[in-house]
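# An overview of the molecular structure
Residue-level listing of the chains:
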Amino acid sequence: MLNRRQLITRTALASASVALPGFAIAQANTTRIVVPFAAGGPIDVTARILAEAVKGSLGTVIVDNRPGAGGNIGMSAVAKAPADGLTLGVATTASHGINPWLFKQLPYDPAKDFVGITQMLSVPNVLVMNAETAARLKINSVADLVAYGKANPGKLNYGSGGNGSAGHLAGELLKSQAGIFAVHIPYNGGNPAQLGLLSGQVDFNIDNLATAAANIRAGKLRALAVTTAQRSTAMPDVPTVAATLPGFEIDTWWGLVAPAGTPADTVRKLNTAFNDALKSADVKTRFAQLFAEPTPNSPEQFDDFMKRERAKYERLVKLSGAKVD
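Note that the structure is predicted; figures quoted are calculated from it, not measured. (Residues numbered from 1 in each chain as written. Predicted model: local features only at pLDDT ≥ 70, side-chain atom pairs only at ≥ 80, totals over all residues. Heavy atoms only, no water.)

Right, let's get into unusual backbone geometry. With a phi close to 55°, Ala69 is a non-glycine residue in the positive phi region. Relative accessible area serves as the criterion here: at 44%, Ala69 is assigned to the partly exposed category. In this structure, Lys138 takes a positive phi of about 60° despite not being glycine. (Buried < 20%, exposed > 50% of the residue type's maximum accessible area, 1.4 Å probe, protein only.)

In this section: helix α10 (residues 190-198). Among the residues of α10, those classed as buried are Ala193, Gln194, Gly196 and Leu197. The buried side chains of α10 occupy one side of the element, clustering within an arc of 155° when seen end-on. Structural note: α10 exposes Asn191 and Leu195 on the side pointing more than 90 degrees away from its buried face. The inward-facing, buried residues of α10 contact β4 (114-130), β5 (156-160), β7 (204-208), α11 (209-217) and β8 (221-226). A positive phi of about 85° marks Gly200, the residue just after α10. (Helix = DSSP H or I, 4+ residues; strand = E, 2+ residues; numbered from the N terminus. Arc of directions from axis to C-beta. Contact = heavy atoms within 4.5 Å.)

The interhelical angle for the contact between helix α3 (residues 42-53) and helix α13 (residues 281-288), taken along N-to-C directions, is 170°, at an axis separation of 11 Å. Taken together, the axes of α3 and α13 are roughly antiparallel relative to one another. Of the residues in α13, those in contact with Thr46, Ile49, Leu50 and Ala53 of α3 are Val283, Arg286 and Phe287. The residue makeup of the contact of α3 with α13, split by class, is five nonpolar, one polar and one charged. (Axes fitted to C-alpha atoms, helices over the stretch in contact; angles between N-to-C directions. Parallel < 35°, antiparallel > 145°, perpendicular 65-115°, else oblique. Nonpolar A, V, L, I, M, F, W, Y, C, P; charged D, E, K, R; others polar.)

As structure tokens, then:
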């Protein structure tokens, strides 16, 4: 039973919602960015940076974390959302490059259920060795690693965050292009894989530069090369794998997508707002702290990029033999 004061308060709130329709409209027009991973990680952090940066042009933008199933749960929610430009999702290397070939069935179609808004960023991966192992085996470069692998077949091993992970697939590409064999040791996540490398359980990993940087600078890991086509501005002295193995190129990326059918003018408005934010000095500075480089582009360019990534990872997943279900 409500007392008199509670009744008065409830009546006043109801009256306010009727008297202030603009408030209800503002709530209804809030833009939501679905992040298909848990709060606190780099994808979540960068989404929140952008949500703050575009509030002047788009108004209130909130981040909605929907983790699970390698990003599939969150992306499924975006695919099923109204195509009104108010629900966006963060498409990743996993959700739109790897998962279509890793899972027998996805709850979304990465090619048909989304329209690109813009790529957000690219984070280099880096080929790293345990520093003591590198010194013992006299490996100081990718060429040294390849030469050792050819002279000692099956003696090298490498770790990753799990079967079908980006690190696993990058390792298989390295083996294929270099013509060497190294035993893959899958761990349950990126952090355990890094610990395995630091403890000397494995010889090398291909890890995210943001994750590996602190241990590289501390001398615990030796950076042999970055996996991007160009050197990283964060570590310009580290060469590329492609300098030794031409055509080798893998990085970690993510970007914004909307449900298919979102009106073209709405897509353009969103693209302009987020690209302006990505080009701002503040966002560039904050992304640099995560070793991430903003990569704004057009919706058409991002759609084409994701199409090429799917084709690339189809080959790599088949090469690895990895399956999740």
